[in-house]
Amino acid sequence: MNATDSTRQKIAFIGLGSMGLPMARRLLDAGHPSTVWNRTAAKADALVADGAVLAASPAEAVREADVVITMLADPAAAFAVADAIVPALRPGTHWIDTSTIGPDAVRGLAARLPDGVTLIDAPVMGSVDRAAAGKLLILAGGDTAPVAAVLDRLGTVTPCGGPGTGAALKLVLINAAIGGVALVAEALALAGSLGLPRELALRTLAEGPLAGAVGRATATGSHFPVALAAKDVALATAVTELPVLRSVHTALTADPALLGEDLSAVAR
């Protein structure tokens, strides 16, 4: 497939949550014929108004697709979608999973695929603002050459190695980020207990090695729900003994009222 043909690849996009919706929008706006499916169909309304086709089921969405993209909440959702779409995938189809589900789940999905269908694990770093701007960091495991034009619309690709390596690196990076925000939250709690102004503590923390974590802890244009952060930490602590992150998971899940809030809520 030449570069011109690749820009016309038919896309099936499954999962139109806070991240999936702006990603699907970028591909539709770039001229890719797009069929979409989401459990809550109304989330597709704006895309359909601009030319996307709303499928009645995941299987219908992928039936004529060249490239299938999934952005789903967790491994259970990914396997449920796989149950629906695998029988409908045509040889030559490329499935890009951008969800954060861990390498074990990626291997489980790959094992279900029929001959001639490839799976690329391509979880992303960045929130809704970067998704809308096409500035995501895409951590890719597997051969991305056949879908390069699609991924280029979404962000910058970091090749990680074979299948599953993108999912593995995502767990490393996202847990470092979540742990950093949790550490900033505790540092601010300590500053408050010592009678220091919050803004003074934030300003000086931002001038040190926690600068990136401070930025994320005070972000206003992002939406990474605490519930999904807790899921990502749970995926990591299931792999090896991580006592600090186990404590972070306990902190993230202690207040049910925060689970739907952005991660920055833990520092407020």
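Since this is a predicted model, take the numbers as computed values, not measurements.

## Here we look at the packing of helix 9 (residues 165-193) against helix 13 (residues 243-253)
Two packed helices can be described by the angle between their axes and the distance between those axes.
Argument step 1. Close contact between helix 9 and helix 13 brings their axes to 10 Å; oriented N to C, the two are set at 65 degrees. Here helix 9 is positioned roughly perpendicular relative to helix 13, judged by the angle of their axes. Relative to helix 13, the crossing made by helix 9 is left-handed. Contacts from Asn-175, Ile-178, Gly-179 and Ala-182 in helix 9 reach Leu-245, Val-248 and Leu-252 in helix 13.
Argument step 2. Broken down by class, the residue content of the contact of helix 9 with helix 13 amounts to five nonpolar, two polar and no charged.

## Section: the UniProt feature "domain: 6-phosphogluconate dehydrogenase NADP-binding" (unreviewed entry) in the protein chain
Argument step 1. Following the UniProt record, the feature "domain: 6-phosphogluconate dehydrogenase NADP-binding" (unreviewed entry) maps to residues 10-155 here.
Argument step 2. End-to-end, the C-alpha atoms of residues 10-155 are 19 Å apart, and along that stretch the chain is 36% helix and 21% strand.

## Describing the pairing of strand 8 (residues 136-141)
Argument step 1. Counting buried residues along strand 8, five of its six residues qualify, which places the element largely inside the surrounding structure.
Argument step 2. Direction of pairing for strand 7 (residues 124-125) relative to strand 8: antiparallel, over a ladder of two bridges. Its bridge partner being in strand 8, Val-124 is matched across the sheet by Ile-138.
Argument step 3. In this sheet, strand 9 (residues 155-161) lies alongside strand 8 in parallel orientation, the contact comprising six bridges. By the bridge assignment for strand 9, Ala-140 is matched with Pro-159.
Argument step 4. Note that the unit made of strand 8, helix 8 (residues 148-154) and strand 9 has a crossover that is right-handed.

## Things to note about the nonpolar core
Argument step 1. Of all hydrophobic cores here, the largest spans 27 residues; its most connected members are Phe-13, Ile-69 and Ile-96.
Argument step 2. Top element by residues in this core is helix 2 (residues 20-29). It accounts for four residues.
Argument step 3. The residues touching Phe-13, leaving out its near neighbours within four places in the chain, are Gly-20, Met-23, Ala-24, Leu-27, Thr-35, Val-36, Trp-37, Ile-69 and Met-71.
Argument step 4. Counting residues in each nonpolar core, the second largest holds 26 residues, with Ile-14, Ala-61, Val-62 and Val-106 among its members.

## Considerations on the pattern of salt bridges
Once their charged atoms are close, side chains differing in charge can pair, the charge on each being opposite to the other.
Argument step 1. Overall, the coordinates contain nine salt bridges when judged by the stated rule.
Argument step 2. Of the charged contacts in the structure, one is a salt bridge between Arg-216 and Asp-262, with a shortest N-O distance of 2.8 Å. Residue Arg-216 is found in helix 11 (residues 211-217), and its partner Asp-262 is found in the segment after helix 13; the two are separated by 46 residues along the sequence.
Argument step 3. A single salt-bridge network, built from bridges that share partners, covers Arg-25, Asp-29 and Asp-50.

## Re helix 6 (residues 103-111)
Argument step 1. All of the buried residues in helix 6 are Pro-103, Ala-105, Val-106 and Leu-109. For helix 6, the angular spread of the buried residues around the axis is 160 degrees, confining them to a single face. The outward face of helix 6, more than 90 degrees from its buried face, is lined by the exposed residues Asp-104 and Ala-111.
Argument step 2. Structurally, helix 6 contributes buried residues whose contacts are with helix 5 (75-85), strand 5 (94-97), strand 6 (118-121) and helix 9.

## Section: the packing of helix 12 (residues 226-237) against helix 13
Argument step 1. Close contact between helix 12 and helix 13 brings their axes to 9 Å; oriented N to C, the two are set at 155 degrees. With respect to helix 13, the element helix 12 is oriented roughly antiparallel. In this structure, helix 12 meets helix 13 at a crossing whose hand is left-handed. Mapping the contact onto sequence places Val-226, Ala-229, Ala-230, Val-233, Ala-234 and Thr-237 in helix 12 and Leu-245, Arg-246, His-249, Leu-252 and Thr-253 in helix 13.
Argument step 2. For the contact of helix 12 with helix 13, the residue count by class is seven nonpolar, three polar and one charged.

Cut-offs used in this document
Residues numbered from 1 in each chain as written. Predicted model: local features only at pLDDT ≥ 70, side-chain atom pairs only at ≥ 80, totals over all residues. Heavy atoms only, no water. Axes fitted to C-alpha atoms, helices over the stretch in contact; angles between N-to-C directions. Helix = DSSP H or I, 4+ residues; strand = E, 2+ residues; numbered from the N terminus. Parallel < 35°, antiparallel > 145°, perpendicular 65-115°, else oblique. Left-handed = near helix turned anticlockwise from the far one by under 90°. Contact = heavy atoms within 4.5 Å. Nonpolar A, V, L, I, M, F, W, Y, C, P; charged D, E, K, R; others polar. UniProt positions renumbered as here; feature names shortened; annotations may be inferred. Buried < 20%, exposed > 50% of the residue type's maximum accessible area, 1.4 Å probe, protein only. Pairing = 2+ DSSP bridges. Right-handed = clockwise from strand over helix to strand, strands pointing away. Core = buried A, V, L, I, M, F, W, Y, C linked by side-chain atoms within 4.5 Å. Salt bridge = Lys/Arg side-chain N within 4 Å of Asp/Glu carboxyl O. Arc of directions from axis to C-beta.

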